[in-house]
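Residue-level listing of the chains:
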Amino acid sequence: MSDCGVYPLSELLANGWSRAEVAEARRAGRLSSVAHGWVSAEGADDRAVSAVAAGGALSCISALRFHRTHGSEGIWVPPGYQETHVRRPKHRKSGARPTGPFRWCQGYGRPLPVVSAVDSIPIALGCAARCLEPEDWVATVDSILNQTQLTIPDIQADMGGVTKAVMELFGRCDARSQSGTESIARVRLVATGFKVAVQPSIGGHERADLRVGSLLIECDGRQYHSSAEAFRNDRRRDRMTLIDRWMTMRVTYDDVLYDWESVLEDIRAVTRPDRHRIRREEDPRRREIPSP
Ligand SMILES: [Zn+2]
């Protein structure tokens, strides 16, 4: 359980606090009232306080960002979406508005009750399925499948309504993806009509991120700074791909997120069906090279 510093009173009582102790902590200023039945401790997360004060829970991408900084560092969260996303149970339609730019959001199906100040990852994903661009949602789920213990059935069991549209989104997820950059590139390439291999073997124990035809695409995640070991591994992979005559294209986070059109143009140019045929016809020596 991630600790955001905002608690339902019932949770404190269940954890051994007596009503007298809660009252004393309030008088001493160690706990503050946030909303009916909710208190916050010093240093509580501002957005969680604001969401609870508005009668809801921090949810959707805001909850996913919270989880990323509280125990689930591997979650990829797309850039943008700066508003605070707040989910309310159905019966709370009035009340305070959260502070700062915010957005009410809700998953599919019957609204779930608010039981914690920050929604769990599955409930947050249920809301995010309606708020995020599909490719951003798929990339986020990929990272959760890859980096946490959660599986698709786990998420579906707890996320609320699982509509046909949500099932279709899950069908595009891939737990093998190693970075948000890779996920977004894959989803976009598949949407463009390319047949994409994910984490293809390139000999030995080595794998590339993606492969389209004979082109390997290596995606660098912005958050992972290359260590000396990663640098060495990359060079070793480059040598192995040369042996098998793969071509390698390295793309960065910014290339994929902000300059996709030119990346796509380059991939198209490299994988054009006639490109290799022309080269073979022009270079008869190539025919003499025996196949491995
Ligand atoms: Zn939302």
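Let me sum up the structure you'll find in this document. Here the structure is a predicted model, which is why all the values come from computation and not from measurement.

The next thing to look at is the packing of helix α4 (residues 60-68) against helix α5 (residues 121-131). The geometry of a pair of packed helices is captured by two quantities: the angle between their axes and the separation between those axes. Orientation of α4 relative to α5, taken along the N-to-C sense of each, is 140°, at an axis distance of 7 Å. Here α4 is positioned oblique relative to α5, judged by the angle of their axes. You can see that α4 and α5 cross each other, and the crossing is left-handed. Residues Cys60, Ala63, Leu64 and His67 of α4 form the contact with α5, whose own contacting residues are Ile121, Ala124, Leu125, Cys127, Ala128 and Cys131. Looking at the contact of α4 with α5 residue by residue, the classes come out as 9 nonpolar, 1 polar and no charged.

Within the element layout of this structure, Pro134 appears in helix α6 (residues 134-147). Judged by relative accessible area, which is 36%, Pro134 ranks as partly exposed. Separated by 38 residues in the primary sequence, Pro134 and Arg172 place their C-alpha atoms 9.5 Å from one another. Among residues more than four places away in sequence, those in contact with Pro134 are Leu169 and Arg172.

Around the zinc ion, the protein contributes the donor atoms Cys60 (SG), His85 (ND1), Cys105 (SG) and Cys131 (SG), at 2.1 to 2.5 Å from the metal centre. Bound by 4 donor atoms, the zinc ion shows angles of 103 to 115° at the metal and therefore tetrahedral coordination geometry. We note that the donor set of the zinc ion lies within a single chain, spaced as C-x24-H-x19-C-x25-C. Of this pair, Cys60 sits in helix α4 while Cys105 is found in the loop between β6 (102-104) and α5, placing the two residues 45 residues apart along the sequence. Pair check on accessibility: Cys60 and Cys105 agree, each one buried.

Cut-offs applied
- Residues numbered from 1 in each chain as written.
- Predicted model: local features only at pLDDT ≥ 70, side-chain atom pairs only at ≥ 80, totals over all residues.
- Heavy atoms only, no water.
- Axes fitted to C-alpha atoms, helices over the stretch in contact; angles between N-to-C directions.
- Helix = DSSP H or I, 4+ residues; strand = E, 2+ residues; numbered from the N terminus.
- Parallel < 35°, antiparallel > 145°, perpendicular 65-115°, else oblique.
- Left-handed = near helix turned anticlockwise from the far one by under 90°.
- Contact = heavy atoms within 4.5 Å.
- Nonpolar A, V, L, I, M, F, W, Y, C, P; charged D, E, K, R; others polar.
- Buried < 20%, exposed > 50% of the residue type's maximum accessible area, 1.4 Å probe, protein only.
- Donors = N, O, S within 2.8 Å, 3.2 Å for Na, K, Ca; no water.
- Tetrahedral: all angles 85-135°; square planar, octahedral: opposite > 155°, others 65-115°.

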